[in-house]
Amino acid sequence: MTSTYLSLNPFLSSSVGEAELWGTREWLDVPTIHTYATTDINVMVEMVRATKRTRVRFIRGAGGAGKSHLFARLRRQSGDKIFYAYAPNPPLQSETLEGFVLGRLITSLRQPARHPNGGASAYSQLRLLAYALLRPAVEQD
């Protein structure tokens, strides 16, 4: 009888992978998982928007705690209002950490930006970032 309902279990997959993070594969979001963290990060995003001061937040926790699930939810909810970088399992050696983080940052920014409806844009986060940085100069001319 237990196997009858096994296919209905949304948590058979033990993790949310990069395909789910970047929107190339669907996944089940359970809003009650990490509600506090989602709200906290959304408040921080609004604070950055209001103060125009960039902030970096690191999400850490044990394997399977839901870090990737939270990241995928935020990316889906926020569209291209914020930029995302995903660097799972960083190396423990300090001499390789900088290269790893920079590589993951560029890889993340090359992912498509998201429309507010959750769909992928025709442009990357990197293009969106470049436009945001250049816009004040272009608008002055």
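Residue positions are given per chain, counted from 1 along the sequence in the order it is written. Local features in this predicted model are restricted to residues of pLDDT 70 or higher, and side-chain atom pairs are both shown and tallied only at a pLDDT of 80 or more, whereas totals for entire chains, interfaces and linings draw on every residue. As a convention, hydrogens and water are excluded, and side-chain values are obtained from all of the structure's heavy atoms.

1. Some points on the overall build of the chain
- By the criteria applied, helices consist of DSSP H or I runs no shorter than four residues and strands consist of E runs no shorter than two, each listed in order from the N terminus. A tally of regular secondary structure across the chain gives six helices and two strands.
- Along the chain direction, N to C, the helices and strands of the chain fall in the order α-α-α-α-α-β-β-α.
- Three exposure classes are used, based on accessible area relative to the maximum for each residue type with a 1.4 Å probe and protein chains only: buried under 20%, partly exposed in between, and exposed over 50%. Taking all 141 residues of the chain together, the buried fraction comes to 25%.
- Throughout, a contact is declared for two residues whenever any of their heavy atoms are within 4.5 Å. In the chain, 54% of the contacts between residues at least 6 apart in sequence involve partners at least 24 apart.
- Here the open area of atoms and residues is found with the Shrake-Rupley method and a 1.4 Å probe, where only the protein chains shown may cover a residue. Total accessible area computed for the chain in this model is approximately 10300 Å², and 59% of it derives from carbon and sulfur atoms.

2. As for the pattern of salt bridges
- Basic side-chain nitrogens of Lys or Arg form a salt bridge, by our definition, when they fall within 4 Å of a carboxyl oxygen of Asp or Glu. With the rule as written, the count across this model stands at two salt bridges.
- The closest approach of N and O atoms between Asp29 and Arg73, which form a salt bridge, is 2.9 Å. Of this pair, Asp29 sits in the loop between α2 (18-21) and α3 (35-51) while Arg73 sits in helix α4 (residues 67-78), and the two are 44 residues apart along the sequence.
- Overall, the relative accessible area of 21% leaves Asp29 in the partly exposed class.
- By relative accessible area, which is 2% here, Arg73 ends up buried.
- For the salt bridge of Arg49 with Glu46, the shortest nitrogen-to-oxygen distance reads 2.8 Å. Separated by three residues within a single helix, Arg49 and Glu46 lie in helix α3, roughly one turn from each other.

3. Some words on unusual backbone geometry
- In this model, His34 sits at a positive phi of 60°, which is unusual for a non-glycine residue.
- Within the element layout of this structure, His34 appears in the loop between α2 and α3.

4. What to know about the side chain of Arg73
- For Arg73, the side chain forms a polar contact with the main-chain oxygen of Ile33, separated by 2.8 Å.
- Leave out the neighbours within four places in its chain, and Arg73 touches Trp27, Asp29, Val30, Pro31, Ile33, His34, Thr35 and Thr38. N or O atoms within 3.5 Å of each other form a polar contact, as long as, within protein, one can give a hydrogen and the other can take it, and as long as residues adjacent in sequence are counted only when both atoms are side-chain atoms.

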